[in-house]
There are 4 protein chains.
Amino acid sequence: MNKISAVIIGASGYTGAELLRLLLVHPHVEIKALVADSNAGKEITDIYPHFAVTKLPKLLKLDEVDFKGIDVAFCCLPHATSQKIIKSLPKTVKVIDLAADFRIQDIALYEKWYGEHFAKDIQPEAVYGLTEIHREKIKKARIVACPGCYPTSILLPLLPLVAANAIDKDEIIADSKSGVTGAGRSLKQHLLFTEANEGVSAYSVTGHRHSAEVVEQLGTNFTFVPHLIPMNRGIISTIYVKLKTDLATARKALEDKYKNEPFVKVLANGAIPATHSVRGTNYCLINIFEGQKPGNATIVSVIDNLNKGSSGQAVQNMNIMFNLPETTGLLETAIFP
Amino acid sequence: MNKISAVIIGASGYTGAELLRLLLVHPHVEIKALVADSNAGKEITDIYPHFAVTKLPKLLKLDEVDFKGIDVAFCCLPHATSQKIIKSLPKTVKVIDLAADFRIQDIALYEKWYGEHFAKDIQPEAVYGLTEIHREKIKKARIVACPGCYPTSILLPLLPLVAANAIDKDEIIADSKSGVTGAGRSLKQHLLFTEANEGVSAYSVTGHRHSAEVVEQLGTNFTFVPHLIPMNRGIISTIYVKLKTDLATARKALEDKYKNEPFVKVLANGAIPATHSVRGTNYCLINIFEGQKPGNATIVSVIDNLNKGSSGQAVQNMNIMFNLPETTGLLETAIFP
Amino acid sequence: MNKISAVIIGASGYTGAELLRLLLVHPHVEIKALVADSNAGKEITDIYPHFAVTKLPKLLKLDEVDFKGIDVAFCCLPHATSQKIIKSLPKTVKVIDLAADFRIQDIALYEKWYGEHFAKDIQPEAVYGLTEIHREKIKKARIVACPGCYPTSILLPLLPLVAANAIDKDEIIADSKSGVTGAGRSLKQHLLFTEANEGVSAYSVTGHRHSAEVVEQLGTNFTFVPHLIPMNRGIISTIYVKLKTDLATARKALEDKYKNEPFVKVLANGAIPATHSVRGTNYCLINIFEGQKPGNATIVSVIDNLNKGSSGQAVQNMNIMFNLPETTGLLETAIFP
Amino acid sequence: MNKISAVIIGASGYTGAELLRLLLVHPHVEIKALVADSNAGKEITDIYPHFAVTKLPKLLKLDEVDFKGIDVAFCCLPHATSQKIIKSLPKTVKVIDLAADFRIQDIALYEKWYGEHFAKDIQPEAVYGLTEIHREKIKKARIVACPGCYPTSILLPLLPLVAANAIDKDEIIADSKSGVTGAGRSLKQHLLFTEANEGVSAYSVTGHRHSAEVVEQLGTNFTFVPHLIPMNRGIISTIYVKLKTDLATARKALEDKYKNEPFVKVLANGAIPATHSVRGTNYCLINIFEGQKPGNATIVSVIDNLNKGSSGQAVQNMNIMFNLPETTGLLETAIFP
């Protein structure tokens, strides 16, 4: 078959670099251009020495890219920037966006958390790229908005339970813990090694913008507190729910939903998912446990925030959009230890 | 004044070592003996090289210790062992126990989580050593059972709120995250650097024995899930509650309780406590935040699990038991970074 | 082509697990059996949960394996155990050993560091598996003894310089720093997270047994001090040498040797290799720098100790032994961050 | 006695914060002002939340400080800035400088590494503050220039050996490894958690400016390569030397020099110093080992870079300059684990 011609816009951030790592072993993709405006003219190895062993095109400015013949553009940009650039791309190019800009159909909800939206007109075209939930729509979409990392870890376990009416959707508390790559490669004091190492902290305690897309998908409000953990990759979400059925029924709803999914696994009864098991991979591991009070349950889910939480899910969506087997290029085992 | 003659029983564990570190700068304590049965005959520097710069007595077996003239024994032993040894000590010696054995007055509750209790007869003598709550009883106690690390971080914020009837005590969820020292110096595979590093995991998801003492102190059941964080020291507890008053009233209950406390601080409105701020110290920092759903609130508290969560609180209790200013030897600033 | 039928003996250690990770994406290998005597009967996921997403055979005892039709056995065992087991294998099976047992042709030198050798008779069959140096011999070998991790990082830069007579081989000092996986999955106190984290230490200061194979390959004695670094993977060796030529000539000797090698790269002048750039890969990055005193040079080399330093090089050697393209299954980009 | 009135100039960097931590438990010091020009007007807790439990003066601009009655100013500033500010201080104030500006008597040598020197006229007043070597001069000095962290770890073991003519001072190689706090609190990409974590790298391979002061003190050139280690605090220097005496004589030179020193300890024969043993303290631990080639020796020394390598040694020097017992305020035990 012909290779898919791909452009990565925003190659200098961590999600761009992870995407590049994944696409380099993808048998049906050819990387045609790497865009990184502020680093344009440099080699990617100047900013990511671990690509030194690979032959890759120089970093370009966006306007240096010839989009003729390009099949897909991955946008790995900060939110707000993303929408303006996507709006400017030729309509012949499929777009997989890793930012927040097109994740939320309700523009008012978007603007409450992120500020003004500058591409409202194309928002309706966008599909929320939580693969296992919206696969059929993703197949036909031109613009896929990949979910946030926290939302991926929260929605994958919750949506089947809500769909099965197995939990009270108005009593959900998600306590999430993320590695530091979740904050990107930005020069902020609290992200220095010396500041993040050997400590753990909560942030956005009164509300985090990733809530917005979860709220839209769940169709209700919930409680979400994220924490910063001194490790590079990984998210664990511990989710406290109230059951409307017995635990076995709830568990079955999860198992039924995911039994044939290649990347989402409900673990055996009692096994606790750990971030170690998904490092560097596109897997999401889930389990549900008896709560410590009658009628309650506790859910634990884990993903790699840069992979299933971002660039891996992006590749999974690309596979779907281009009629490739969904697991193509994504079947790595976790790196452990 | 005469110095307090102290014995540390169980000097080879982490709480024993932290206690020793603290007592070495305490101006009114003389360390008379260090007991570590399995390492008896060795120097403490053989098992903890960081004491190489200090002159200390050799490690002894318990039966080599002459308790005549000893004022206080700190027991830094695993639970179950602790009760047998404390039972055997002369009644003239005050006992500060860092294990779980004497924390719970309800023997049935104790035995549900820890197995048979072998010193039921002296349990009534024991006072639960959560200093800021039980100070008056600690003053007169012969046996003080210092709280567990998780319970300290959970009870200090919750008890004043329960006392003020500001929260619904039947709807409490505590999601706690601890550094690896909480598991002690035991040779277990999941505690290896290579296994704990670069990952986070939940454990005891369906129930952890530290719950027992919290349940007894709160007078009700609650939900508690602990997590293992790749750092040495520190606990952060994120606690989800439902308010029975408005937030300001709840906050005031906390502030009133702790306004004159040297070691428990309610931070300024909006400031999020981080474990960094208490590393190596006896402080507990607390804050309460508006919840993300009406009528809810989120509490964050942090301690150093080896210090306020264990050996620091033990010294604080000793100061009280011997009529010393409560802060003696404990006013270090956190080591950061 | 027919797949290579492979057995991993010693699947429960870190090198076994890394090898399994690599072979799972190798297109021409079928894993026929996983041997782990002390864990026989278990699933591999019982000891390595990150394999939960993969279908793999149960762990066996060695004597449960039918070696008929097996093409290659990888031995990932502690030294001494390795030699006895390899001796017992059918001669029709090619053997790739990751232990020290067959690395050293000079039995006396071996025994000085490792104790009695119990398979002296088959030692002459064994080829030292430093791929880029002994490729031709590896092609024809039945037993390949993969080099130690430290030696790989030291010999790859030094051997071409010695061959070109560019350095004084009697004045070599190698100061190496390794991640904790280098010590394996053994329950030792200094390998606990709490003991290895937040500190660095030298060990084997007066001599480390990995020296032996380096001495044999170099044909001379040298100085080698290893250090334990609080990270999982990676070795950096900083090597101090005295030049017998000018620096440019020395650099050229390295560049000439490795210019067509897929896995060993001499970086551009001035670029300093970092372990980050090789995490999870089979690459070795090298550079040579002007020394700080006239006539001196400093060499820096990095590898992933579990990969090029062990299981990756093993797969590279297997590819050679079975006439596959040498890079098959090994072209992953480093996982960063 | 009257308390020493102290000003900290540059309180917002790590050495300023560590100094503040130490002075807060010093019984004879009163902190009169904290200067941090770019943060002037803020509370120190705004930039270092771990000081939240302490009452401290607001941060000031330098020109807001009234130096009348001030006994000592600690300068914790970047080099170059330091010299200009020290030049401007009243001569009645003793100055303890933690920057490089006044460490080197040979102005040409200074300028080779650091650029133009703007306070040449007061350089002759300055004493190099390596306490155990220059104690007598420090006693009488107005300006003490505290050594760099790397130099402290290198010079303390080397100077007595050079003085005893026990080693060939023209054949010294120091391979040092430092925690990330050594780079200060600056926003640089390679200092981000995600970039420094899980990797080790060499830097300044062809020459580091800390060499300059070592060269002046040793009276000869040497080789020095520093490495960045993923931990907060600590330096280990592994130093390769050639003996001019036997090892026992060399060891005795070290032991004799330091036998009565409170903060520098030569460990028992065979014991390897580890950074863990000095974390948070003013100690330097040293040992010397038989080399791996005849006539060689290997030295290992460890310090806490922020403490003995900077702020601790500054306090030690202050004690000397004000005729206090040298150990005042500095006898903490290392924080471990």
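Computed from a predicted structure; not experimentally measured.

Asker: Even after reading the chapter, I still don't get the overall build of chain A, so can you show me in this structure?
Answerer: On a plain count of helices and strands, chain A comes out with ten helices and 14 strands. For 337 residues, the compact-globule estimate of 2.2 N^0.38 gives 20 Å, and the C-alpha radius of gyration of chain A, at 19 Å, lies within 12% of that figure. Once the C-alpha set of chain A is aligned to its principal axes, its extents read approximately 60 × 45 × 40 Å. With 337 residues in all, chain A has 65% of them scored as buried. Expressed as a percentage of contacts within chain A between residues at least 6 apart in sequence, the contacts between residues at least 24 apart total 69%. In the form shown here, chain A has an accessible surface area of approximately 10,900 Å², with 51% of it arising from carbon and sulfur atoms. Measuring between centres, the 36 positive side-chain charges of chain A sit 2 Å from its 34 negative side-chain charges.

Asker: Could you clarify how one ought to interpret the side chain of B:Thr328 in this entry?
Answerer: Residues and elements named next belong to chain B. Structurally, the position occupied by Thr 328 is in the segment after α10 (307–321). Given the relative accessible area of 11%, Thr 328 is considered buried. Within polar-contact distance, the side chain of Thr 328 engages the backbone oxygen of Pro 325 at 2.6 Å. Ignoring anything within four residues of it in the chain, the contact list for Thr 328 reads His 26, Pro 27, His 28, Val 315 and Asn 319.

Asker: Please explain the sheet that holds strand β3 (residues 59–60) of chain A as it appears in this structure.
Answerer: Residues and elements named next belong to chain A. Ordered by their spatial adjacency, seven strands build an open sheet running β3-β2-β1-β4-β5-β7-β6, and the pairing between neighbours is parallel. With partners counted over all chains shown, the strands left at the sheet margins are β3 and β6 (126–128), one partner each. Where strand β5 (residues 94–97) and strand β7 (residues 143–145) come together, three bridges link them in parallel fashion. Pairing of Val 95 across the sheet is with Ile 143, part of β7. Contacts from helix α1 (residues 14–24) reach β1 (4–9), β2 (29–35) and β4 (72–75) within the one sheet, and its direction differs from that of β2 by about 155 degrees.

Asker: What exactly am I supposed to notice about the relation of the copies chain B and chain D here?
Answerer: Taken together, a rotation about one axis and a shift along it account for how the two chain copies relate. Of the transformation placing chain B onto chain D, the axial shift is 0.0 Å and the rotation is 180 degrees, giving an RMSD of 0.0 Å. Here the symmetry operator amounts to a two-fold rotation axis. Comparing interface residues between copies, 100% of those in chain B also sit at the interface in chain D, which points to an isologous, same-surface contact.

Asker: Just to check I follow, could you spell out the domain arrangement of chain A for this structure?
Answerer: Note: interface size is frequently given as the accessible area lost on complex formation between the parts. All names here are of chain A. Each assigned domain of chain A is listed here: domain 1 (4–147 + 308–321) and domain 2 (149–304). Of note, the centres of domain 1 and domain 2, computed from C-alpha atoms alone, are 24 Å apart. Taken together, the contact between domain 1 and domain 2 spans 26 residues of the former and 29 residues of the latter. Carbon and sulfur atoms make up 54% of the surface buried where domain 1 meets domain 2, a total of about 2,400 Å² over both sides. Considering only the side of domain 1, the residues that lose the most area to domain 2 are Tyr 14, Trp 113 and Lys 308, jointly responsible for 27% of the buried surface there. Inspection of the domain 1/domain 2 interface yields three salt bridges. Note that Glu 18 is salt-bridged to Arg 233, the shortest N-O span being 2.6 Å.

Asker: What should I look at first to understand the interface of chain B and chain A in this one?
Answerer: Listed as interface residues are 50 residues of chain B and, on the opposing side, 50 residues of chain A. Buried area between chain B and chain A, summed over both chains or domains, comes out near 4,000 Å², and the portion from carbon and sulfur atoms is 55%. Applying the counting rule to chain B against chain A returns four salt bridges. Between A:Glu171 and B:Lys242 there is a salt bridge; the shortest N-O distance is 2.7 Å. The tally of links between chain B and chain A comes to 28 residue pairs in polar contact (both at pLDDT 80 or more). When residues of the side of chain B that touches chain A are traced back to their parent elements, those giving at least two are β8 (173–178), α7 (193–196), β9 (201–202), β10 (223–228), β11 (235–242), β13 (284–290) and β14 (296–303) of chain B. For the side of chain B that touches chain A, the class distribution of residues is 21 nonpolar, 18 polar and eleven charged.

Conventions used here
Residues numbered from 1 in each chain as written. Chains lettered and ligands numbered in written order. Predicted model: local features only at pLDDT ≥ 70, side-chain atom pairs only at ≥ 80, totals over all residues. Heavy atoms only, no water. Helix = DSSP H or I, 4+ residues; strand = E, 2+ residues; numbered from the N terminus. Rg over C-alpha atoms; globule rule 2.2 N^0.38 Å. Buried < 20%, exposed > 50% of the residue type's maximum accessible area, 1.4 Å probe, protein only. Contact = heavy atoms within 4.5 Å. Areas by Shrake-Rupley, 256 points an atom, 1.4 Å probe, with all protein chains shown as cover. Lys, Arg positive; Asp, Glu negative; His and termini not counted. Charge placed at Lys NZ, Arg CZ, Asp CG, Glu CD. Polar contact = N/O pair within 3.5 Å; in protein donor to acceptor, adjacent residues only side chain to side chain. Pairing = 2+ DSSP bridges. Axes fitted to C-alpha atoms, helices over the stretch in contact; angles between N-to-C directions. Least-squares fit on C-alpha atoms with pLDDT ≥ 70 in both. Domains from an automatic or database assignment. Buried area = accessible area lost by both parts, 1.4 Å probe. Salt bridge = Lys/Arg side-chain N within 4 Å of Asp/Glu carboxyl O. Nonpolar A, V, L, I, M, F, W, Y, C, P; charged D, E, K, R; others polar.

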